[in-house]
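What follows is each chain in one-letter form.
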Amino acid sequence: MNVVKEKIDPMAASVTTTDEWQALRKHAETMRGVHLRELFAADRRRGERLTGEVADLHVDYSKNLVTDETLTLLTALAERVRLTDRIAAMFAGEHINTTEDRAVLHTALRLPRDASLTVDGQDVVADVHRVLDRMTAFAERVRSGQWRGHTGERITTVVNIGIGGSDLGPVMAYEALKAYRDGGISCRFVSNIDPTDIHDKTHDLDPATTLFVVVSKTFSTQETLANANQAKTWLLSGLDAADDAAIARHFVAVSTNAQRVADFGIDPENMFGFWDWVGGRYSLPSAVGLSVLLAIGPDRFRELLAGYHAVDEHFRTTPVERNVPALMGLLNVWYTNFFDAQTHAVLPYSQYLHRFPAYLQQLTMESNGKSVTLDGTAVDHATGEIFWGEPGTNGQHAFYQLIHQGTVLIPADFIAFSRPNHDLGDMHDLFMSNFFAQTAALAFGRTKEQVEAEGTKPEVVAHRVMPGNHPTTSIIAPKLTPSTLGQLIALYEHIVFTEGAIWDINPFDQWGVELGKVMANQLAPKLTGDAPDLSDVDSSTAALIRRYRAERGRA
Ligand SMILES: O=P(O)(O)OC[C@H]1O[C@](O)(CO)[C@@H](O)[C@@H]1O
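With an unreviewed UniProt entry as reference, the protein is termed Glucose-6-phosphate isomerase, source organism Micromonospora coxensis. What UniProt records for the protein under Catalytic activity (unreviewed entry) is the sentence "alpha-D-glucose 6-phosphate = beta-D-fructose 6-phosphate".

Here it is, written out as structure tokens:
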């Protein structure tokens, strides 16, 4: 028997056939008629009781459609799928990414130097810290001005070229930690193969003071290689240089593939490595975070890693009934599988977190957008929700109407910080009053009687009734810092893990993105060549290509 498989995939039949799932189904029927108003009226301490603490994060679950019984039943489901064993298998470096036969060890990226972990015969902690030390030394040289460009000028702008996990993590963290930037380095991020992206991000830069960080786990991604080639042309023509020495001063790479980096023309000396056990969407705490480290400095970057680690330890060691990421993951399962919720909103009350929902979209949807279980059987239950969101208060003036009065159930996470990064009079208090008001309005709404008592015209009463009973989870941290950012990211990583464990799917592969990449490569020559053969292309796509070619003046 395969021990790893047995440990992480103990389900003989679908999870939906277990007594625990059936008990939840039955319980959900009784919960459908219950309103949050009643739950709060019946338990005056609910708002203090149904809460959790993880590192610096205070998490309030009380405005969810749950009772103590719900949480007990969800915890029993987690035990049935042996969530704790699956967590242990991940942290130990077992090959839980079964379809790629790989360990899943992003948690090792934030282990302290004195920890120990040997995986597949390799001292992982030593490897991680060797790369971190190289990143630190490099960043210190760039930030101090010791590292100069080809013409002897100081680097002032870093352009990160990458896509997916090689972009979303760095750009999200750079934006989130803007208040911690020092050392005179600003960053830009190029991801899209749409040429407007690299044009827009470079046209006003001076090549002499620009450093490109090309980030690609595989170093074979079409978008990243096209952008990096374009950057090379831009740099060499801007510097009026033609030699590799100019490339060596203005290009560094982050990758797991040294050979491809060398083939591209970047000196492997200027490459920062990571490992196949780090998934792209989990890679920010690896060398993929280099541009963030350049902007905020090594000490702040290590604070980010320590924040992640604090939540990792909580997830690894805390029993499910007090394990915050596990409980949040179970709540998501509750809504997805027993209330048919299809989406989940993440609403940060922090302008600096404006890219956090986009980051979470890859983390959650590339991980749990799966429809077969670990053994390849089609699932008979819903999996990954659509994650989406925008910072408050902007979202309030756009889509909150639908959450308040629409017909679909949208569980939402509200994230806020007690202390602002910039204290400007009473603005933060005004801002936070919206955070507190929205979750209360969503939970309790406004009854017909209340609306009538306000003297509302009878014909408008129905329009102004607020049904309430919309579930939210509030997450409050003292302040947005590198550490609390790391904590938040790890929290969501482990929520994703928990959901994947219940659904018995593999959150660590992403085969679904491959077909489109292959087809783009097949179609590319048909856009440019002379009179291409379109007979092997479906009629819709062929007609669209003909139209495109005509508009580009091609026969
Ligand atoms: O870092 P790479 O290898 O360029 O890949 C970029 C992204 O592409 C994907 O493979 C999906 O297309 C992501 O999982 C990954 O983060």
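Once the structure has been displayed, the description carries forward.
Draft legend 1. Spatial organisation of the pattern of salt bridges. All chains considered together, the criterion is met by 27 salt bridges. With a shortest N-O distance of 2.8 Å, Arg110 and Asp312 are connected by a salt bridge. Taken together, the residues Arg110 in the loop between helix H6 (83-92) and strand S3 (118-119) and Asp312 in helix H14 (residues 298-317) connect sequence positions 202 residues apart. Assessed through its relative accessible area of 0%, Asp312 is described here as buried. One salt bridge in this structure joins Asp133 and Arg302, with 3.4 Å as the shortest N-O distance. Of this pair, Asp133 sits in helix H7 (residues 124-144) while Arg302 sits in helix H14; the two residues are 169 residues apart in sequence, bridging distant segments of the chain. Its relative accessible area of 27% is what places Arg302 among the partly exposed residues. A single salt-bridge network, built from bridges that share partners, covers Asp43, Arg49 and Asp68.

Draft legend 2. Representation of the site of the ligand within the structure. The environment of the ligand is formed by 14 residues, the closest being Ser166, Ser216, Lys217, Thr218 and Thr221. Within the contact set of the ligand, an oxygen atom lies 2.6 Å away from a side-chain nitrogen or oxygen of Ser216. A distance of 2.6 Å separates an oxygen atom of the ligand from a polar atom in the side chain of Thr218. Summarising the interface, the protein chains cover 87% of the accessible area of the ligand, which totals 400 Å² for the free molecule.

The rules behind these values
- Residues numbered from 1 in each chain as written.
- Predicted model: local features only at pLDDT ≥ 70, side-chain atom pairs only at ≥ 80, totals over all residues.
- Heavy atoms only, no water.
- UniProt positions renumbered as here; feature names shortened; annotations may be inferred.
- Salt bridge = Lys/Arg side-chain N within 4 Å of Asp/Glu carboxyl O.
- Helix = DSSP H or I, 4+ residues; strand = E, 2+ residues; numbered from the N terminus.
- Buried < 20%, exposed > 50% of the residue type's maximum accessible area, 1.4 Å probe, protein only.
- Near = heavy atom within 4 Å.
- Polar contact = N/O pair within 3.5 Å; in protein donor to acceptor, adjacent residues only side chain to side chain.
- Areas by Shrake-Rupley, 256 points an atom, 1.4 Å probe, with all protein chains shown as cover.

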